[in-house]
Amino acid sequence: MFAMSTSENKVEIVDRSHKEEEEKEEGKGGGFLDKVKDFIHDIGEKIEETIGFGKPTADVSAIHIPKINLERADIIVDVLVKNPNPVPIPLIDIDYLVESDGRKLVSGLIPDAGTLKAHGEETVKIPLTLIYEDIKNTYNDINPGMIIPYRIKVDLIVDVPVLGRLTLPLEKRGEIPIPKKPDVDIEKIKFGKFSLEETVAVLHVRLENMNDFDLGLNDLDCEVWLCDVSIGRAEISDSIKLDKNGSGLVNVPITFRPKDFGSALWDMIRGKGTGYTIKGNVDVDTPFGAMKLPIIKEGGETRLKKEDDDDDDEE
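Now for a description of the structure that goes with this document. (Residues numbered from 1 in each chain as written. Predicted model: local features only at pLDDT ≥ 70, side-chain atom pairs only at ≥ 80, totals over all residues. Heavy atoms only, no water.)

**With respect to the pattern of salt bridges**
Test applied: Within this document, salt bridges are pairs made up of a side-chain nitrogen of Lys or Arg and a carboxyl oxygen of Asp or Glu, the two lying within 4 Å of each other. Note on conventions: DSSP H or I runs of at least 4 residues are helices, E runs of at least 2 residues are strands, and numbering of each starts at the N terminus. Whether a residue is buried, partly exposed or exposed follows from its accessible area with a 1.4 Å probe, protein chains only, as a fraction of its type maximum: under 20%, in between, or over 50%, in that order.
Scanning the entire structure with this criterion turns up 16 salt bridges. Between Arg151 and Glu171 there is a salt bridge, with its nearest N and O atoms 3.5 Å apart. Pair noted here: Arg151 is in strand S8 (residues 147-160) and Glu171 is in strand S9 (residues 164-177), with a separation of 20 residues, a long-range link. What makes Glu171 partly exposed here is its relative accessible area of 41%. Between Arg173 and Glu171 there is a salt bridge whose closest N-O contact spans 3.5 Å. Where salt bridges share partners, they join Glu99, Arg151, Glu171 and Arg173 into one cluster.

Set out below in structure tokens:
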């Protein structure tokens with residue numbers, strides 16, 4: 001059957017039966033391409049099943065804080081990754097974010113993070129650093145001495161044959177402190193036998209824990225000045241517990257030469273107030289790991305007392 005259409009001087013003759021045959025051929029061609037695609041997909045699945053390609057798994061196995069002080073906290077995130085595939089696969093990128101109550105503390109990207117061995121598992125260590133000054137400058141409600149919640153989010157990006165590029169998302173929650181140095185005060189200095197050349201005394205040092213977590217004191221190392229004259233260094237290794245927002249007394253033995261103080265010596269002997277400075281460090285254990293915290297006080301005032309003096313007697 002033929003159809004005729006007229007447009008000014010042009011005449012077009014269309015063979016409808018021929019057109020229908022062309023449409024059928026095109027339909028056959030489209031079906032053929034679909035069959036090829038399905039065939040390739042099936043072959044890919046068969047290869048995957050035969051060779052054993054699969055998606056790697058990952059889990060946060062531990063979080064360590066190897067170093068923490070007043071300035072920063074170094075954090076190591078241990079991620080256990082298992083590769084079930086018969087070939088090594090590259091760990092392309094590690095993308096991480098640390099946040100607290102939805103607020104970003106630090107983020108970063110570690111490119112070309114290594115290779116995961118075939119049919120094996122290994123621990124990937126991800127180093128992070130929190131700079132406290134940056135955090136305090138960004139968020140006014142985060143202050144020294146506090147404990148803040150955190151959430152660590154990690155994306156491991158791997159490239160697996162057949163499966164292609166995959167992202168393994170991980171997450172871990174916990175708490176981390178913003179440490180604050182203890183307050184220190186020499187309440188009194190007690191001595192047994194007084195000598196101008198050498199006097200053995202005991203510093204009664206009070207430490208106040210300004211943190212919302214306990215401190216276990218293991219060591220105290222300090223230098224002391226009386227009347228602007230250094231009387232030397234002192235160190236103890238006694239263990240005492242300083243409860244959170246609490247205080248404790250530490251007895252620190254020291255030997256000094258009173259004659260070095262000149263005219264100020266007589267005020268000290270009379271029991272009048274004596275100016276002092278103390279500077280040093282304390283080694284403490286905390287629920288978050290060991291810390292070395294500074295102690296310092298300048299312009300303090302203390303008194304020199306005999307061992308048999310009544311502590312309530314101001315003279």
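**Describing the sheet that holds S8**
Each strand in a sheet pairs with another by means of backbone hydrogen bonds, the pair being arranged parallel or else antiparallel. Using the following cut-off: Here the rule is simple: two strands pair whenever DSSP picks up at least two bridges between them. For helices, the fitted line uses only the C-alpha atoms of the stretch in contact; every axis is such a line through C-alpha atoms, and the angle between N-to-C directions lies from 0 to 180 degrees.
The strand order across the open sheet formed by four strands is S6-S5-S8-S9, and the pairing between neighbours is antiparallel. Either end of the sheet is taken by a strand with one partner, and the two such strands are strand S6 (103-116) and S9. Going across the sheet, the axis of each strand differs from the next one's by a mean of 15°, ignoring polarity. Two elements, S8 and S9, share 14 bridges in a ladder whose sense is antiparallel. Residue pairing in the sheet places Val160 in a bridge with Gly164 of S9.

**A few points about the sheet that holds strand S11 (residues 199-208)**
Pairing is mixed across the open sheet formed by four strands, whose spatial order is S15-S11-S10-S18. With one partner strand each, in any of the chains shown, strand S15 (247-256) and strand S18 (304-306) form the two edges of the open sheet. Taking each pair of neighbouring strands and ignoring which way they run, the sheet shows an average axis angle of 30°. Of the strand pairs in this sheet, strand S10 (residues 183-191) and S11 are connected by eight bridges, and their pairing is antiparallel. Opposite Phe191, over in S11, you have Ala201 as the bridge partner.

**So, the environment of Gly232**
The cut-off we apply is this: Contacts are residue-level and defined by heavy atoms, with any inter-residue pair within 4.5 Å sufficient.
Secondary-structure assignment places Gly232 in strand S13 (residues 229-236). Taking C-alpha positions, Gly232 is 7.7 Å from Thr255, a pair spaced 23 residues apart along the chain. When neighbours within four sequence positions are excluded, Gly232 is seen to be in contact with Cys222, Glu223, Val224 and Ile254.

**Some thoughts on the nonpolar core**
Formally: Residues belong to a common nonpolar core when they are buried Ala, Val, Leu, Ile, Met, Phe, Trp, Tyr or Cys residues joined through side-chain atoms within 4.5 Å.
Counting residues in each nonpolar core, the largest one holds 68 residues, and the members touching the most others are Ile126, Leu130, Leu156 and Leu207. At seven residues, the largest contribution of residues to this core is made by S8. With sequence-adjacent residues up to four places away left out, Leu207 is seen in contact with Asp183, Val184, Leu217, Leu220, Leu242, Gly246, Ser247, Gly248, Val250, Val282 and Ile295.

**Comments concerning unusual backbone geometry**
Notably, Asp228 is not glycine yet its phi reads approximately 65°, a positive angle. Among the secondary structure elements, Asp228 is positioned in the loop between strand S12 (215-226) and S13. A positive phi is found at Asn245, a non-glycine position, where the angle reads about 55°. Tracing the sequence through the fold places Asn245 in the loop between strand S14 (240-242) and S15. Owing to a relative accessible area of 48%, Asn245 belongs among the partly exposed residues under this scheme.

**Let's talk about the pairing of S10**
Pairing analysis gives three bridges linking S10 to S18, with the strands arranged parallel. Following the sheet pairing, Ile189 is matched in S18 by Leu304.

**A look at the side chain of Asn69**
Here is the rule we go by: By the criterion applied in these results, polar contacts are pairs of N or O atoms within 3.5 Å in which, for protein atoms, one can donate a hydrogen and the other can accept it, and in which residues neighboring in sequence qualify only through two side-chain atoms.
Relative to the helices and strands, Asn69 resides in the loop between strand S3 (57-68) and strand S4 (72-83). Overall, the relative accessible area of 14% leaves Asn69 in the buried class. In this structure the side chain of Asn69 is engaged in a polar contact, spanning 2.9 Å, whose partner is the backbone nitrogen of Glu71. From its side chain, Asn69 meets the backbone nitrogen of Arg72 in a polar contact 2.9 Å long. Setting aside anything within four residues of it in sequence, one finds Asn69 in contact with Tyr132, Pro179 and Lys292.

**Let's talk about the side chain of Asn209**
Checked against the element boundaries, Asn209 lands in the loop between S11 and S12. A relative accessible area of 1% places Asn209 in the buried class. Among the polar contacts made by the side chain of Asn209, one reaches the main-chain carbonyl oxygen of Asp243 at a distance of 3.1 Å. If near-sequence neighbours (up to four positions away) are discounted, Asn209 is found in contact with Asp214, Leu215, Leu242, Asp243, Lys244, Asn245 and Gly246.

**Some thoughts on the packing of aromatic side chains**
For clarity, the cut-off: Stacked, edge-to-face and tilted are the three classes for Phe, Tyr and Trp ring pairs, Trp counted by its six-membered ring, which pair at centre distances within 6.5 Å; planes under 30 degrees apart are stacked, over 60 edge-to-face, the rest tilted. Here, a charge over a ring means that NZ of Lys or CZ of Arg falls within 6 Å of the ring centre while also lying within 35 degrees of the ring normal.
Counted according to the given criterion, the structure contains one aromatic pair. With a centroid separation of 5.6 Å and 85° between ring planes, the pair formed by Phe213 and Phe288 is classed as edge-to-face. Placement of Phe213 in the loop between S11 and S12 and of Phe288 in the loop between strand S16 (274-286) and strand S17 (289-302) is noted, with a sequence separation of 75 residues between them. Take Phe213: its relative accessible area is 3%, and that puts it in the buried class. The lysine or arginine in question, Arg103, covers the ring of Tyr139, its NZ or CZ lying 4.5 Å from the ring centre. The ring of Trp225 is capped by Lys279, whose NZ or CZ atom sits 5.8 Å from the centre of that ring.

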